[in-house]
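Here is what each chain is made of, one letter per residue.
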Amino acid sequence: MSYDFDGLTDAFRITGSPGTLGFTSGSLWFYPTDDTLADQVLFSEQNTAGTSGFRVLYGSTSAADKVYFFRAGDTVQAISTVAATLNAWNHVFWSYNVYTSPFKYQISLNGETLQTQNIGVPSGLATTTTVIGRLTLPLGAGSNWFRGRIAELAVWYDVLDTFGDEYQALSKGYSPLCVHPGEPTIGLLNYWPFRKNSNDIVGGRGLTAIGTPTLSEHCRIFNKGRGKLVG
């Protein structure tokens, strides 16, 4: 299963302390059902006021249905070259790469070559919440709601592009737990399959529902024993 968001009141917030995940890379599958809404947040890690933080958006109205990743306040962003397909499953991978000089934002939609944007050394960010499906401005309010389904949310503390085709393997339907043949992915921090519930089966972090996200159809994912990544 996946979770279906109505574009009006439905989202999830990460529970526990700290309220942020400290990710370097992330990925998820999304199934957009409306490209007329304002830019729709898929994933956001931010401060209480919503004025600073990292955001992954489905650029429905501003980017011709492409996806992009940036930090609030920056004037640059990494944006996909291809557009997401409406009423279909799409895969997005993003990373904040601090291992290069200069640092980079990186994003890939549906397995395309990583699209990058150079950035300077970031200032410190006191983030307090991670949200799926909307932007919080501030925590008690909301905007940029997503309409459609989200599944297979995962975050890592590495960028994955250093391992060749791992981020592309994810876009082909491999579970984050087996993009290495037969071995768990090194650096996987949290993983919400969204198959039966909102539980995180790696880091143990739960989600608090905002509104009433409902279980829906899941994208096709390969598990151990059902496929082997060669690369």
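Scroll up a little and you will see the structure.
Let me sum up the structure you'll find in this document. Keep in mind that what you see is a predicted model, and the values were worked out from it rather than measured.

### What to know about the pattern of salt bridges
- The final tally for this structure, using the stated rule, is three salt bridges.
- Of the charged contacts in the structure, one is a salt bridge between Glu217 and Arg149, with a shortest N-O distance of 3.1 Å. Taken as a pair, Glu217 in the segment after strand 15 (214-216) and Arg149 in strand 12 (residues 147-156) lie far apart in primary sequence, 68 residues in all.
- With a relative accessible area of 15%, Arg149 lands in the buried category.
- Across the pair Arg195 and Glu152 runs a salt bridge, and its minimum N-O distance is 3.2 Å. You can see Arg195 sitting in the loop between strand 13 (188-192) and strand 14 (207-210) and its partner Glu152 sitting in strand 12, a full 43 residues away along the chain.
- In this structure Glu152 comes out as buried when scored by relative accessible area, which is 2%.

### Details of unusual backbone geometry
- The phi dihedral of Asn144 falls on the positive side, at around 50 degrees, and the residue is not glycine.
- When you line up the elements, Asn144 lands in the loop between strand 11 (129-132) and strand 12.
- The phi dihedral of Glu152 is positive, around 55 degrees, even though this residue is not glycine.

### What about the packing of aromatic side chains?
- A full pass over the atoms with the stated rule returns 16 aromatic pairs.
- By way of ring pairs, the aromatic residues Tyr3, Phe5, Phe12, Phe30, Tyr58, Phe146 and Phe194 are connected into one cluster.
- Its end group placed over the ring of Tyr31, Arg149 keeps NZ or CZ at 4.3 Å from the ring centre.

### Focus on the pairing of strand 5 (residues 53-59)
- Across the seven residues of strand 5, seven count as buried, placing the element largely inside the fold.
- Neither face of strand 5 is left uncovered, since the one carrying Gly53, Arg55, Leu57 and Gly59 and the one carrying Phe54, Val56 and Tyr58 both have all their residues buried.
- Sheet analysis places strand 4 (residues 40-46) next to strand 5, joined by six bridges and oriented antiparallel. Each bridged residue has a counterpart across the sheet, and for Gln46 the counterpart in strand 5 is Gly53.
- In the sheet, strand 5 pairs with strand 6 (residues 66-71) via six bridges, with the strands oriented antiparallel.

### A look at the sheet that holds strand 4
- The sheet built from seven strands is open, its strands ordered 7-6-5-4-11-2-14 with antiparallel pairing. Each edge of the open sheet is held by one strand with a lone partner, namely strand 7 (78-79) and strand 14.
- Alignment of strand 2 (residues 11-14) against strand 11, held across two bridges, turns out to be antiparallel. Bridging across to strand 11, Arg13 finds its partner in Val131.

### Thoughts on the side chain of Asp65
- In this fold, Asp65 is placed in the loop between strand 5 and strand 6.
- Within the buried core, Asp65 has no salt-bridge partner, and the shortest N-O distance to an opposite charge, that of Lys66, equals 11 Å.
- Each residue touching Asp65, except ones within four places of it in the same chain, is listed here: Asp35, Tyr58, Gly59, Ser60, Ala83 and Ala84.

Quick notes on the rules
Residue positions are counted from 1 within each chain, in the order its sequence is given. With pLDDT at 70 or above as the cut-off, local features in this predicted model cover only qualifying residues; side-chain atom pairs require 80 or more to be listed or tallied, and sums for whole chains, interfaces and linings still use all residues. Side-chain descriptors were evaluated using all non-hydrogen atoms of the structure, hydrogens and water having been removed beforehand. In what follows, salt bridge is the name for a side-chain nitrogen of Lys or Arg lying within 4 Å of a carboxyl oxygen of Asp or Glu. Secondary structure elements are defined from DSSP: runs of H or I of at least 4 residues count as helices, runs of E of at least 2 residues count as strands, and each element is numbered from the N terminus. Here's how the labels work: a residue is buried when its accessible area is under 20% of the maximum for its type, exposed when over 50%, partly exposed in between, all with a 1.4 Å probe on protein chains only. Two rings belonging to Phe, Tyr or Trp (six-membered ring only in the last case) form a pair when the distance between their centres is within 6.5 Å. Interplanar angles under 30 degrees mark stacking, angles over 60 mark edge-to-face geometry, and anything in between is tilted. Any Lys NZ or Arg CZ found within 6 Å of a ring centre and within 35 degrees of that ring's normal is scored as a charge over the ring. Any two strands with at least two DSSP bridges between them are considered paired. Charged residues are defined here as Lys and Arg on the positive side and Asp and Glu on the negative side; His and the ends of the chain fall outside this count. Whether two residues are in contact is decided by their heavy atoms: any pair within 4.5 Å suffices.

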